[in-house]
2 protein chains.
Amino acid sequence: MSQSPHNGTPAYRRIQKAILERIDAGQLKPGDAVGSERELARLHGVSLMTARHALVVLEQDGRVERRRGAGTFVAPPKIHFNKLTSFSEQMASRGLVGYSKVLSASMVSDQAEISARLALPSDGRLWKIERLRLGADEPFALETVYLSAQDFPGLARSRLERGSLFSLLEGEYGMTLAHADEEIDATTADAKAAHLLAVAPGAALLRIRQLIFSGGGKATLYVLGLYRSDRHTLHIRRFR
Amino acid sequence: MSQSPHNGTPAYRRIQKAILERIDAGQLKPGDAVGSERELARLHGVSLMTARHALVVLEQDGRVERRRGAGTFVAPPKIHFNKLTSFSEQMASRGLVGYSKVLSASMVSDQAEISARLALPSDGRLWKIERLRLGADEPFALETVYLSAQDFPGLARSRLERGSLFSLLEGEYGMTLAHADEEIDATTADAKAAHLLAVAPGAALLRIRQLIFSGGGKATLYVLGLYRSDRHTLHIRRFR
DNA sequence: AAGTGGTCTAGACCACGGC
DNA sequence: CCGTGGTCTAGACCACTTC
């Protein structure tokens, strides 16, 4: 016999799915054993190597912990360090509703440096969208996002007020966001930023310049963010 | 027959070593094929699954790229994002020599919050070491590091002037540093910081609070760093 | 069409953990 | 001791890329 009934999904994926569903349903809690390789192999009618593969990949994804001689256990939920999430997603994960105020949305063609970063001609036309981010009715960030006007036609202002730009791009333009390279430093609030963010001029702001890449490795979005330091701390994890 | 001559190192490690040596020696350059699974299996006298395992792990480490139908190729050297490196290592990687000036080194026992973060009693005795970091004879960072006085006896001031604290801990105390959780925000320079860093009072500084964990998952080091924003930009990469 | 990686089998022995 | 994960074999078919 060759392998299992070929419905398209590999057997090891089905095993992973079964385990993840039990975790998400609360049937398996952190620390619980997910079943040994041999047990899963019997249960799903696959060979040991296949059951093993399912667990190995789950471990790489941080969902289970494998301890030699002991077993495989549900990993404690991880804090999402170094994750690229939209503003809306961040607020939602804290149980808050955030919203944005679009300050301006226009087309520009004089941003040579940003065009270059997005691998566009230096006089390429870009959408420039300025948004004020608010949480608990208090402003805490000023974000200016640039993206190719040609690749995203009809990006109207009205669609940005509510809902996330990420989900708009991922949903309607079939874009998949993959990763972002960020440059982070500190600056002080000028008069305009101070006014919009409701802080004193000269107050410390966290400045983050993001270059966001899509699935194919294409630089898609450039975001300049200024964050009120008293309302925003960036958490990251670094590995040796 | 059981598996290969059991000298202690698994076969797949030996295969990886052989490949990595050819890369480091310059015999294989980025983009070059490292040999197919079948080829490596023949060459090293192992089964296909074993040769495959060697390549799979090398891919996870970012050393090779695997493309179905095409082959396995040497990956282009990666920029080290999100890597925990010591100041000395950072400077060395840029071809610069940095050095530190130890401003103070003392024992304190009134840092309840930091003690808590290091999982020590709230009146635990801590080393507190203040260092000014200089590169190209210009100050650019002020770092205060806290660590358990009990776990690191005899950490004398003289040993910190030259050489890295990391290599001291890893070498002489047998500590392995694993990862750091960092909180990053912005602040402004007070009189003391401004003077030491040679900036105007009120200048924007990047503030990084690091909690550095050792191999066993034990919080070992707490570092408060203030970085001149005009001389320091933090680069990170985030994934979706 | 030939070669590559992706998935899978049905076993095996070893090293380690907990009882 | 027994069960666990870690390594390994000698094959197989499939999906994909390249020519």
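Attention here is on the structure that accompanies the text. (Residues numbered from 1 in each chain as written. Chains lettered and ligands numbered in written order. Predicted model: local features only at pLDDT ≥ 70, side-chain atom pairs only at ≥ 80, totals over all residues. Heavy atoms only, no water.)

1. A few points about the environment of A:Ala112
Residue and element names in this part refer to chain A. Stated formally: The secondary structure listing takes helices from DSSP runs of H or I that are at least 4 residues long and strands from runs of E that are at least 2 residues long, numbered from the N terminus. Working definition: with a 1.4 Å probe on protein chains only, accessible area under 20% of the residue-type maximum means buried, over 50% means exposed, and in between means partly exposed.
Residue position: Ala112 is located in helix α5 (residues 112-117). Judged by its relative accessible area of 39%, Ala112 falls in the partly exposed class. Sequence separation between Ala112 and Leu196 is 84 residues; the distance between their C-alpha atoms is 27 Å.

2. Concerning the sheet that holds strand β4 (residues 126-135) of chain B
As a reminder, the rule being used: Strand pairing is assigned whenever DSSP identifies at least 2 bridges connecting the two strands. Axis definition: a line fit to C-alpha positions, over the contact stretch in the case of helices; interaxial angles, taken between N-to-C directions, run 0 to 180 degrees. It only takes one pair of heavy atoms within 4.5 Å for two residues to be counted as in contact.
Spatially, seven strands are ordered β9(A)-β6(B)-β7(B)-β8(B)-β5(B)-β4(B)-β3(B) in an open sheet, and the strand pairing comes out antiparallel. Strands at the two margins of the open sheet, each flanked by one partner only, are β9 (234-239) of chain A together with β3 (98-108) of chain B. Strand-to-strand, the axes of this sheet are offset by a mean angle of 20 degrees, without reference to chain direction. Those strands touched by helix α7 (residues 165-172) of chain B are β4, β5 (138-148), β6 (177-188), β7 (204-214) and β8 (219-228) of chain B, and its axis lies near 170 degrees from that of β8(B).

3. Examining the pattern of salt bridges
Note the cut-off: The salt bridge criterion pairs a side-chain nitrogen of Lys or Arg with a carboxyl oxygen of Asp or Glu, the two atoms within 4 Å.
The tally for this structure, following the rule as stated, stands at 37 salt bridges over all chains. In this structure, A:Arg63 engages A:Asp24 in a salt bridge whose closest nitrogen and oxygen atoms are separated by 3.7 Å. Placement of the pair is A:Arg63 in the loop between α3 (48-60) and β1 (64-67) and A:Asp24 in helix α1 (residues 11-24), with a sequence separation of 39 residues. The partner of B:Arg240 in a salt bridge is A:Glu170, and the shortest N-O contact between them spans 3.2 Å. With B:Arg240 in the segment after β9 (234-239) and A:Glu170 in helix α7 (residues 165-172), the pair connects residues from two separate chains. Given a relative accessible area of 28%, A:Glu170 falls into the partly exposed group. Residues participating in the shared-partner salt-bridge network are A:Glu138, A:Arg228, A:Asp230 and A:Arg231.

4. Some points on the protein's contact with DNA strand C
Test applied: Throughout this document, a residue counts as near a molecule or strand when at least one of its heavy atoms sits within 4 Å of that molecule or strand. Pairs of N or O atoms are called polar contacts if they sit within 3.5 Å, as long as, within protein, a hydrogen donor faces a hydrogen acceptor (for residues adjacent in sequence, only side-chain-to-side-chain pairs).
The immediate surroundings of DNA strand C are formed by 24 residues, with A:Ala11, A:Ser47, A:Thr50, B:Arg66 and B:Thr72 found nearest. A breakdown of the atoms of DNA strand C within 4 Å of the protein gives sugar and phosphate a share of 74%. Between a phosphate oxygen of DNA strand C and a main-chain N or O atom of A:Ala11, the distance comes to 2.2 Å. Contact between DNA strand C and B:Thr72: a phosphate oxygen at 2.7 Å from a side-chain N or O atom of the residue.

5. Comments concerning the relation of the copies chain A and chain B
Which entries qualify depends on this criterion: Only residues with pLDDT of at least 70 in both copies contribute their C-alpha atoms to the least-squares superposition of the copies.
For these two chains of identical sequence, chain A goes onto chain B by a turn of 180 degrees and a shift of 0.1 Å along the axis, with RMSD 0.2 Å. Both copies are brought into coincidence by an operation consistent with a two-fold rotation axis. A shared binding surface is used by both copies, with 100% of the interface residues of chain A retained as interface residues in chain B.

6. Side note on the interface of chain A and chain B
Stated precisely, the cut-off is as follows: By buried area we mean the combined loss of accessible area, with a 1.4 Å probe, across both parts when two parts are placed together. Three classes are used, and their members are as follows: Ala, Val, Leu, Ile, Met, Phe, Trp, Tyr, Cys and Pro are nonpolar, Asp, Glu, Lys and Arg are charged, and the others, Gly among them, are polar.
Taken residue by residue, the interface counts 38 residues in chain A and 38 residues in chain B. When residues of chain A are sorted by the area they lose upon contact with chain B, A:Ile236, A:Arg238 and A:Arg240 head the list and together hold 26% of the total. The tally of links between chain A and chain B comes to 27 residue pairs in polar contact (both at pLDDT 80 or more). Counting only elements with at least two residues in the side of chain A that touches chain B, the list comes to α3, α7, β6 (177-188), β7 (204-214) and β9 of chain A. Looking at the side of chain A that touches chain B, the element that brings in the most residues is β6(A), giving twelve residues. Taken together, the residues that form the side of chain A that touches chain B break down as 15 nonpolar, 13 polar and ten charged.

7. Here we look at the pairing of β4(B)
Residue and element names in this part refer to chain B. For β4, a buried count of nine out of ten residues is recorded, marking the element as mostly surrounded by other parts of the structure. Where β3 lies against β4, ten bridges are found, and the strand directions are antiparallel. The partner of Val108 across the bridge, within β4, is Leu126. Here β4 pairs with β5 via ten bridges, running antiparallel. Within β5, the residue paired with Trp127 across the bridge is Leu147.

8. What about the packing of aromatic side chains?
This is how it is decided: Aromatic rings from Phe, Tyr and Trp, taking only the six-membered ring of Trp, are treated as a pair when their centres fall within 6.5 Å; an angle between ring planes under 30 degrees marks them as stacked, one over 60 as edge-to-face, and anything in between as tilted.
Inspection of the entire model under this criterion finds six aromatic pairs over all chains. An angle of 35 degrees between the planes, with centres 5.7 Å apart, marks the rings of A:Phe87 and A:Phe140 as tilted. One end of the pair, A:Phe87, is in helix α4 (residues 87-93); the other, A:Phe140, is in strand β5 (residues 138-148), with 53 residues separating them in the sequence. Residue A:Phe140 is classed as buried on the basis of its relative accessible area, which comes to 11%. Ring centres of B:Phe152 and B:Tyr173 lie 5.1 Å apart, and the angle between their planes is 75 degrees; this geometry places the pair in the edge-to-face category.

9. Overview of the packing of helix α1 (residues 11-24) of chain B against helix α3 (residues 48-60) of chain B
All names here are of chain B. We apply this condition: Should an angle fall under 35 degrees it is taken as roughly parallel, and over 145 as roughly antiparallel, whereas 65 to 115 is taken as roughly perpendicular and any remaining angle as oblique. With the far helix as reference, a near helix turned anticlockwise by less than a right angle produces a left-handed crossing, and one turned clockwise produces a right-handed crossing.
Packing of α1 against α3 leaves a shortest axis separation of 8 Å and a crossing angle of 55 degrees. When the interaxial angle is binned, α1 and α3 end up oblique. The hand of the α1/α3 crossing is right-handed. Residues Ala11, Tyr12, Ile15, Gln16, Ile19 and Leu20 of α1 form the contact with α3, whose own contacting residues are Thr50, Ala51, His53, Ala54, Leu55, Val57 and Leu58. Residues of the contact of α1 with α3, tallied by class, amount to ten nonpolar, three polar and no charged.

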